[in-house]
Amino acid sequence: MAQSPKRLTRSTGFTLVEAMVALVIFSAAAMGIYSWINTNLISLNRLAAVAESEFVVDSAVERLKLIDLRSETEGVFNVAGYEVEWRAELVEPWRQGKTQQGAVGLYDFGLYDIHLELFKNARIQGSFQYRQTAWYMAREFKLEGDDDF
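J.: Now, about helix α1 (residues 16–64): what can you tell me, with residues and values included?
T.: In this model, α1 (49 residues) spans 72 Å end to end at C-alpha, consistent with the 72 Å of a helix rising 1.5 Å per residue. Among the residues of α1, S53, V56, V57, A60, V61 and L64 are the ones counted as buried. For α1, the secondary structure elements touched by its buried residues are β1 (74–79), β2 (82–98), β3 (104–120) and β4 (123–137).

What follows is the structure, encoded as structure tokens:
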């Protein structure tokens with residue numbers, strides 16, 4: 001009887017092809033994770049910019065509530081490193097205010113269209129528009145028969 005040739009035993013470990021396949025899979029996973037992290041960082045920076053500009057716009061709106069728009073209709077001021085340029089246009093003419101009973105009130109009202117432009121480092125960062133009611137005390141409070149005082 002003839003002896004069968006001895007079989008070569010397979011050695012344990014990775015072959016070159018297996019190692020290359022593993023590196024390709026690892027590289028693809030690493031690129032996907034890097035891309036995901038990069039996208040999240042870009043979104044985080046955009047969110048921070050939006051939050052900052054929202055703070056600037058809110059501060060500008062509050063500041064413009066203190067300005068008498070009858071005498072000042074445009075200007076520039078700084079808020080948190082931003083330069084805010086604003087312009088106000090009268091949309092509705094000034095009207096006498098009325099009480100609940102329909103009598104002439106103490107205040108007159110006007111409606112303004114406000115345009116804001118935000119600049120940072122001489123580059124425009126945003127443009128906003130809103131409407132604001134302006135008022136002033138046009139008449140003194142007087143009771144009937146108070147002419148002696």
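Once you've had a look at it, read on.
J.: Describe the side chain of D108, listing the residues and the values that go with them.
T.: For D108, the location among the structural elements is in strand β3. At a separation of 2.7 Å, a polar atom in the side chain of D108 contacts the side chain of R139.

J.: Lay out the pattern of salt bridges in plain terms, naming residues and giving numbers.
T.: In this structure the tally under the stated criterion is seven salt bridges. Ionic pairing is found between E92 and R95, a salt bridge with its closest N-O pair at 2.9 Å. Among the ionic pairs, D108 bridges to R139, the shortest N-O distance being 2.7 Å. Note that D108 is positioned in strand β3 and R139 in the segment after β4, a separation of 31 residues in sequence. Owing to a relative accessible area of 25%, R139 belongs among the partly exposed residues under this scheme.

How each quantity is defined
Residues numbered from 1 in each chain as written. Predicted model: local features only at pLDDT ≥ 70, side-chain atom pairs only at ≥ 80, totals over all residues. Heavy atoms only, no water. Helix = DSSP H or I, 4+ residues; strand = E, 2+ residues; numbered from the N terminus. Expected span 1.5 Å × (residues − 1). Buried < 20%, exposed > 50% of the residue type's maximum accessible area, 1.4 Å probe, protein only. Contact = heavy atoms within 4.5 Å. Polar contact = N/O pair within 3.5 Å; in protein donor to acceptor, adjacent residues only side chain to side chain. Salt bridge = Lys/Arg side-chain N within 4 Å of Asp/Glu carboxyl O.

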